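Residues per chain, in single letters:
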Amino acid sequence: MAERKDLGYQIKLIHDRLRQRADELFAPLGVTIGQSRVIEYLYERKGQKTSQRDIEQHLDVTHPTVIGMLKRLEGKELVEITVDDEDKRHKVVSLNSASCAFHKRIAKL
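Predicted model only: the values in this text are computed from it and were never measured.

Digging into the packing of helix H2 (residues 33–44) against helix H3 (residues 52–59)
Now for step 1: Relative orientation of the contacting elements H2 and H3 amounts to 115°, with a least axis distance of 11 Å. Regarding the angle of H2 to H3, the classification is roughly perpendicular. Crossing of H2 over H3 shows right-handed handedness. Across from Arg37, Val38, Tyr41 and Leu42 in H2, the residues of H3 making contact are Asp54, Ile55, His58 and Leu59.
Now for step 2: For the contact of H2 with H3, the class distribution of residues is 5 nonpolar, 1 polar and 2 charged.

Shown next as structure tokens:
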């Protein structure tokens, strides 16, 4: 196979290896790097109303991706998803006491 030297390909290889290494670091905690970024973002916004749309925009990912991450985090009891009191069409995502303690473990990595 011919060696590809274009910059875009090299950047993609670096990105893929960094993501793989990060996921390996977070695996013992039972989360992926993407899920840890959601927890980190929610921790930074503690006390503020955070919607799924806010997470999509901050992480620059699609709606289905955020939904999947949030469902897995909710299943691990690391986030709470509730209906917005002001607009019943929207959901609010927040941390709970377990996820705040979990955030401290993530921050040590």
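Here the narrative resumes, following the displayed structure.
What to know about the environment of Lys46
Now for step 1: When you line up the elements, Lys46 lands in the loop between H2 and H3.
Now for step 2: We classify Lys46 as partly exposed; its relative accessible area is 47%.
Now for step 3: For the pair Lys46 and Asn96, spaced 50 residues apart in the sequence, the C-alpha separation amounts to 10 Å.

Brief notes about the pattern of salt bridges
Now for step 1: For the coordinates displayed, the defined rule picks out 7 salt bridges.
Now for step 2: For the salt bridge of Lys49 with Asp84, the shortest nitrogen-to-oxygen distance reads 3.1 Å. Of this pair, Lys49 sits in the loop between H2 and H3 while Asp84 sits in the loop between strand S1 (79–83) and strand S2 (91–95); the two residues are 35 residues apart in sequence, bridging distant segments of the chain.
Now for step 3: Look at Asp84 and you get buried, because its relative accessible area is 9%.
Now for step 4: Linking Glu86 and Lys49 is a salt bridge whose minimum nitrogen-to-oxygen distance equals 3.4 Å. Of this pair, Glu86 sits in the loop between S1 and S2 while Lys49 sits in the loop between H2 and H3, and the two are 37 residues apart along the sequence.
Now for step 5: For Glu86, a relative accessible area of 71% gives the class exposed.

Thoughts on the packing of H2 against helix H4 (residues 63–75)
Now for step 1: The geometry of H2 relative to H4 is characterised by a closest axis approach of 10 Å and an angle of 80° between their N-to-C directions. By the angle class used here, H2 and H4 are roughly perpendicular. Packed against H2, whose contacting residues are Gly34, Gln35, Val38 and Ile39, the element H4 presents Met69, Leu70, Arg72 and Leu73 at the interface.
Now for step 2: A breakdown of the residues in the contact of H2 with H4 according to their chemical character gives 5 nonpolar, 2 polar and 1 charged.

Here is what the cut-offs are and how they apply
Residues numbered from 1 in each chain as written. Predicted model: local features only at pLDDT ≥ 70, side-chain atom pairs only at ≥ 80, totals over all residues. Heavy atoms only, no water. Axes fitted to C-alpha atoms, helices over the stretch in contact; angles between N-to-C directions. Helix = DSSP H or I, 4+ residues; strand = E, 2+ residues; numbered from the N terminus. Parallel < 35°, antiparallel > 145°, perpendicular 65-115°, else oblique. Left-handed = near helix turned anticlockwise from the far one by under 90°. Contact = heavy atoms within 4.5 Å. Nonpolar A, V, L, I, M, F, W, Y, C, P; charged D, E, K, R; others polar. Buried < 20%, exposed > 50% of the residue type's maximum accessible area, 1.4 Å probe, protein only. Salt bridge = Lys/Arg side-chain N within 4 Å of Asp/Glu carboxyl O.

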